[in-house]
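As a plain string of letters, each chain reads:
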Amino acid sequence: MNIVVCLKQVPGTTEVKIDPQTNTLVREGIKNIINPFDTYALEEGVRLKERYGGKVTAISMGPAQAEEVLREAISTGADEAILLSDSAFAGSDTLATSYALTSAINKIQDYDLIICGRQTIDGDTGQVGPELAEMLGIPFVAYISKVEEIDNEHMIVKRMVEDGHEVIETPLPAVITVVKEINVPRLPSLRGLTKARNAVIPIWTARELGIDKNSVGLSGSPTRVIKIFFPQRAHHGEVLQGELENQVKSLIDKLRDAKLI
Ligand SMILES: Cc1cc2nc3c(=O)[nH]c(=O)nc-3n(C[C@H](O)[C@H](O)[C@H](O)COP(=O)(O)OP(=O)(O)OC[C@H]3O[C@@H](n4cnc5c(N)ncnc54)[C@H](O)[C@@H]3O)c2cc1C
């Protein structure tokens, strides 16, 4: 079973600052980490490989420093890692990102399963998984919390939905996105750390991927970030006065008026 896991390097903080001039995230001085949801994707890939054989290839598109997350992936069980990096990729939106990742997966050729996190903690769109499946022309199942059964031709998975679970059977190859309930990611082993330190991680550029530079970066991105801002919090509190009974009645009237009950 050949598994490709998509990993994105993200700022390791929820207290993001935005540069008001450029409308981009201020990344200076912030430690980068593997997108937390992607650690579950990686762990699941490694567990499936350990059980059924094959290999796990971790891929990431990002600047040169994104190599760090790929070394981390090797230290926790990935067999190989590939970095997609090129100045032509800068400014890519989700469509252009998915296009570059799809080109890499097509270049890898021999794959049975592609695993992504459910979403990132910075871009947060959850679009890349489904876009990959669409571009590759293969099935997609989101929010997987358990792989029930898998062989070379199909898999049965449990996916989380708002009020319960669904069990879905899909042919392979397929793309899945996973939720954190699926497993507990392992820590790197000493052997893994040594392997990661010595690993040679190839860098695939747009040219090596056979990508027309107009299909990635800003020119290949149909969406534009016009403005990024923190929403103002409205603090409209009201303290009800009078006897408790009247307060309760008043509260019920207000909730009814607001159509909340
Ligand atoms: C107009 C525009 C301009 C942008 N410019 C920039 C920019 O200049 N620099 C910049 O860093 N970002 C930029 N972005 C953000 C960039 O498009 C997103 O980071 C990227 O498309 C992934 O989207 P997401 O973070 O919402 O991922 P999601 O769709 O939430 O991710 C789902 C899963 O897909 C996989 N995945 C997502 N991204 C990657 C990746 N890069 N490599 C491997 N796997 C991945 C992971 O498994 C992840 O869990 C821009 C976005 C827009 C809309």
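Residues numbered from 1 in each chain as written. Predicted model: local features only at pLDDT ≥ 70, side-chain atom pairs only at ≥ 80, totals over all residues. Heavy atoms only, no water.

### Quick notes on the environment of threonine 57
- Of note, threonine 57 is situated in strand β6 (residues 55-61).
- Relative accessible area serves as the criterion here: at 3%, threonine 57 is assigned to the buried category.
- With 13 residues separating them along the chain, threonine 57 and glutamate 44 place their C-alpha atoms 13 Å apart.
- Non-local contacts of threonine 57, meaning those with residues more than four positions away in its chain, are made with Ile3, Val4, Val5, Glu80, Ile82 and Ile108. (Helix = DSSP H or I, 4+ residues; strand = E, 2+ residues; numbered from the N terminus. Buried < 20%, exposed > 50% of the residue type's maximum accessible area, 1.4 Å probe, protein only. Contact = heavy atoms within 4.5 Å.)

### What to know about the site of the ligand
- Surrounding the ligand, one finds 29 residues, the nearest of these being Lys8, Asp38, Ser92, Thr120 and Thr125.
- In this structure, an oxygen atom belonging to the ligand sits 2.4 Å away from a side-chain N or O atom of lysine 8.
- Contact distances for the ligand include 3.4 Å between an oxygen atom and a backbone N or O atom of threonine 94.
- Relative to its unbound accessible area of 940 Å², the ligand is 82% covered by the protein chains.
- For the shell around the ligand, the secondary structure elements donating two or more residues are β6, α3 (94-108) and β8 (113-117).
- For the shell around the ligand, the per-class residue count stands at 8 nonpolar, 14 polar and 7 charged. (Near = heavy atom within 4 Å. Polar contact = N/O pair within 3.5 Å; in protein donor to acceptor, adjacent residues only side chain to side chain. Areas by Shrake-Rupley, 256 points an atom, 1.4 Å probe, with all protein chains shown as cover. Nonpolar A, V, L, I, M, F, W, Y, C, P; charged D, E, K, R; others polar.)

### Considering the pairing of strand β7 (residues 80-84)
- Of all 5 residues making up β7, 4 are buried, and the element is well covered by its neighbours.
- Relative to β7, β6 runs parallel, the two being bridged by 5 bridges. Its bridge partner lying in β7, alanine 58 is registered against alanine 81.
- This β-α-β element, β6 to helix α2 (residues 67-75) to β7, shows right-handed connectivity.
- In the sheet, β7 pairs with strand β13 (residues 203-204) via 2 bridges, with the strands oriented parallel. Opposite leucine 83, over in β13, you have isoleucine 203 as the bridge partner. (Pairing = 2+ DSSP bridges. Right-handed = clockwise from strand over helix to strand, strands pointing away.)

### A few points about the sheet that holds β8
- Taken in spatial order, the 9 strands make up an open sheet running β11-β10-β9-β12-β8-β1-β6-β7-β13, and their pairing is mixed. Every other strand in the sheet has two partners, leaving β11 (164-171) and β13 as the edge strands with one partner each.
- One ladder, built from 5 bridges, connects strand β9 (residues 140-150) with strand β10 (residues 154-161); its direction is antiparallel. By the bridge assignment, glutamate 149 is partnered in β10 with isoleucine 156.
- Where helix α1 (residues 36-52) meets the sheet, its contacts fall on β1 (2-6), β6, β8, β9 and β12 (174-178), and the angle it forms with β8 comes to roughly 150 degrees. (Axes fitted to C-alpha atoms, helices over the stretch in contact; angles between N-to-C directions.)

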